[in-house]
Amino acid sequence: MIFLKSYLIFFLIISLSVSGDQISYQNHLFIKIPNDTVYISKYEISNIDFVNFLNQSSKNGYVRFDSISSYIVGYYKGDRYYKNGEKIIYEINDKSPIFYKNNHFDVVDSQKNFPVTNVSWYGAFKYCDYYGLELPSEKNWLNASKGTNSQMKKVSEVKDSKQCLDSTENNVCNLNSNVSEWIYNFYEDKSPYKQIRGSSYKTFLKHYDKKMGTYATHLLDDVGFRPIYNPDLNDK
């Protein structure tokens, strides 16, 4: 018992590193959101991040690959619009950079560091939940986006997730470029749509605070996500 407690304490120490307004947690770098209590990932989640998640979480059945449909699926507890049950997270096909071979997920080398796209809202939610993280709320995302520089570069194709095409005053990259991002909220109180924020290589928004939305099931080639770290959640 003493050994187990010591191991858990050691694990928490190496998993969480704090430096000023930055936190390194579960191999993600988070930056404190101004006028907020949470930290947002500096970068969009990449294909290799998502592959690591799939390989780790599939070991205990948190997600699974359905070889008949070629969908990766996982259980969702449900909410005011979407019923509980298995939901589609990602589809593996001839065009997807992520593939499944010999009971193992992998990604083509040339796209390892590209932001993961064609991931459903459920996929974004499940990723965050697995690591004790959360999707940003509308308030989180808007607070993080304030101060996004005006020299945003319009691009015609997706770029490396760590290549900053735009940045906020505290150096959060690509909140309004590269790919748009799922956030936690519904589009409106009575809407079935989940909310999407930020410009992408396909859709350039003149106003960073414009919101978009679609069904949680949709897999879009210019929509990814990034998590937030909530100290209150992880202190429980």
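Cut-off values and rules
Residues numbered from 1 in each chain as written. Predicted model: local features only at pLDDT ≥ 70, side-chain atom pairs only at ≥ 80, totals over all residues. Heavy atoms only, no water. Helix = DSSP H or I, 4+ residues; strand = E, 2+ residues; numbered from the N terminus. Buried < 20%, exposed > 50% of the residue type's maximum accessible area, 1.4 Å probe, protein only. Contact = heavy atoms within 4.5 Å. Salt bridge = Lys/Arg side-chain N within 4 Å of Asp/Glu carboxyl O. 1 Å grid on protein atoms, 1.4 Å probe; cavity = no way out; pocket = protein on both sides within 12 Å on 5 of 7 lines; lining within 4 Å. Points joined across faces, edges and corners; volume = space filled by probe spheres on them. Nonpolar A, V, L, I, M, F, W, Y, C, P; charged D, E, K, R; others polar. Patch = residues over 30% accessible without salt bridge, like charges linked within 9 Å, V, L, I, M, F, W, Y side chains within 5 Å. Areas by Shrake-Rupley, 256 points an atom, 1.4 Å probe, with all protein chains shown as cover. Axes fitted to C-alpha atoms, helices over the stretch in contact; angles between N-to-C directions. Parallel < 35°, antiparallel > 145°, perpendicular 65-115°, else oblique. Left-handed = near helix turned anticlockwise from the far one by under 90°. Disulfide = S-S within 2.5 Å. Core = buried A, V, L, I, M, F, W, Y, C linked by side-chain atoms within 4.5 Å.

Turning to the environment of L29, a few remarks are in order. Residue placement: L29 occurs in strand β3 (residues 28–32). A residue is classified by how much of its surface remains accessible, and L29, at 29% relative accessible area, is partly exposed. In this structure, the C-alpha to C-alpha distance between L29 and Y229, residues 200 residues apart in sequence, is 9.5 Å. Each residue touching L29, except ones within four places of it in the same chain, is listed here: Q22, I23, I40, S41 and K42.

As a further point, take the pattern of salt bridges. In total, this model carries eight salt bridges according to the counting rule given. Between K112 and D109 there is a salt bridge, with its nearest N and O atoms 3.3 Å apart. Connected via shared salt-bridge partners are E138, E188, R197 and K211.

Empty space within the largest pocket amounts to approximately 320 Å³. K95, P97, T117, N118 and D221 are the residues nearest the centre of the largest pocket, which is lined by 17 residues in total. Here the lining of the largest pocket is built from residues that sort into seven nonpolar, six polar and four charged. Its volume calculated, the second largest pocket comes out at about 230 Å³. Considering the residues around the second largest pocket, the lining is formed by K77, F125, C128, D129, G132, L133, E134, L135, N140, Y184, I228 and L233. Sorting elements by how many residues they give to the lining of the second largest pocket places helix α3 (residues 121–130) first, with three residues.

On the surface, Y81, Y193 and Y215 cluster together into a nonpolar patch covering about 270 Å² of accessible area. Relative to the helices and strands, Y215 resides in the loop between β12 (211–214) and β13 (223–224).

This part is about the packing of helix α2 (residues 47–57) against α3. Their axes nearest at 11 Å, the elements α2 and α3 cross at an angle of 70°. When the axis of α2 is compared with that of α3, the two are roughly perpendicular. Like other packed secondary-structure pairs, α2 and α3 cross with a definite hand, here left-handed. Residue-level contacts link D49, F50, F53, Q56 and S57 of α2 to G123, K126, Y127 and Y130 of α3. Within the contact of α2 with α3, the residues separate by chemical class into four nonpolar, three polar and two charged.

Under the defined criterion, the tally for this structure stands at one disulfide. Disulfide pairing places C164 opposite C173 at an S-S distance of 1.7 Å. Here the disulfide of C164 and C173 is right-handed, its torsion about the S-S bond being about 45°. By relative accessible area, C173 is classed as buried at 1%.

Here we take up the nonpolar core. If you look at the biggest cluster of nonpolar residues, it comprises 38 residues, and the most contacted ones within it are F50, Y90, I98 and F225. Among the elements of the structure, β2 (22–25), α2, β6 (71–76), β7 (85–91), β9 (104–107), α3 and β10 (180–186) are those that each provide at least two residues to this core. A per-element tally of this core places α3 first, with six residues. The contact partners of F225, leaving out residues within four places of it in the chain, are E44, I45, F50, V116, V119, A124, Y127, C128, L135, E181 and W182. Ranked by size, the runner-up nonpolar core spans 10 residues in total, among them I31, V38, I40 and A144.

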